[in-house]
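Notes for the structure review
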Amino acid sequence: APARHVQETDLANKGNRKLIRAFNHFQKEKFDSLLLLTKQGDYVKANEIYVQSFPALQDKVTWLPFVCKKALARIYRSSDICVDQFDIGSCGTSGLEALACARPCLGYIESKYLDWCHGVLTSAPPYCQARTEADIIRWFKLLSNSLTLRQETGILNREWILQNHSPEKIVKLHLQEYQKG
């Protein structure tokens, strides 16, 4: 979960505490699970303390330092499930990177998301839609219990990226905007 840690009342809240609570519940059934969180954002220390309030999570949460994009891509590819944000209603860079690495990605995409993209995308990113703790737990269970589902979801995610967010498409869109002057 590479999303920045911000205060829960912040409008840019990513839902990291929601993720932590859901993972606390999930790991009781999947003992070999591990949650990787990045040390990024103004609210890291508060969330480190929050994680400590769950005794069962002490050896289940690993805090990663800021890493370069190549290292982050290796982390995505070594993960079974990636997560983006659960409250804002749009995808972040971390979600798109997870899709590009052909990994299932949990997050919340607002139904108006395509409107916000002004016709650039053919469809919303194929996130495993999760907005509540129950949604996150449900997807954790479904995906962790099915290698086939993880692989099929990953393939669809990679195809979506290539269709909607390829370097060729993005460069073309940027050039069109520059030419408008």
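Residues numbered from 1 in each chain as written. Predicted model: local features only at pLDDT ≥ 70, side-chain atom pairs only at ≥ 80, totals over all residues. Heavy atoms only, no water.

Here we take up the environment of Val120. Mapped onto the elements, Val120 comes out in the loop between helix H5 (113–116) and strand E5 (128–129). Separated by 51 residues in sequence, Val120 and Lys69 place their C-alpha atoms 25 Å apart. Setting aside anything within four residues of it in sequence, one finds Val120 in contact with Lys169 and Leu173. (Helix = DSSP H or I, 4+ residues; strand = E, 2+ residues; numbered from the N terminus. Contact = heavy atoms within 4.5 Å.)

The next thing to look at is the packing of aromatic side chains. By the definition in use, this model includes 5 aromatic pairs. Measuring from centroid to centroid gives 6.3 Å for Phe23 and Phe26, while their planes differ by 45°, and the two rings are tilted. In this pair, Phe23 and Phe26 are both assigned in helix H1 (residues 16–26), 3 residues apart and thus about one turn of the helix distant. Like Phe23, the residue Phe26 is buried in the burial classification. One aromatic cluster in this structure is built from Phe23, Phe26 and Phe140. Above the plane of the ring of Tyr50 lies Arg17, whose end atom (NZ or CZ) is 4.3 Å from the centre. (Phe/Tyr/Trp six-rings, centres within 6.5 Å; stacked < 30°, edge-to-face > 60°. Buried < 20%, exposed > 50% of the residue type's maximum accessible area, 1.4 Å probe, protein only. Lys NZ or Arg CZ within 6 Å of the ring centre and 35° of its normal.)

For the rest of this paragraph, the subject is the pairing of strand E1 (residues 35–38). For E1 and strand E2 (residues 61–64), the ladder comprises 4 bridges, and the chain directions are parallel. Residue pairing in the sheet places Thr38 in a bridge with Leu64 of E2. In the classification by handedness, the crossover that spans E1, the intervening helix H2 (residues 44–52) and the parallel E2 is right-handed. (Pairing = 2+ DSSP bridges. Right-handed = clockwise from strand over helix to strand, strands pointing away.)

Counting residues in each nonpolar core, the largest one holds 24 residues, and the members touching the most others are Leu19, Leu37, Leu106, Ile136 and Phe140. Secondary-structure elements contributing two or more residues to this core are H1, E1, H2, E2 and helix H6 (133–144). Discounting residues that sit within four places of it in the chain, Phe140 has contacts with Leu19, Phe23, Phe26, Ile81, Val83 and Leu106. (Core = buried A, V, L, I, M, F, W, Y, C linked by side-chain atoms within 4.5 Å.)

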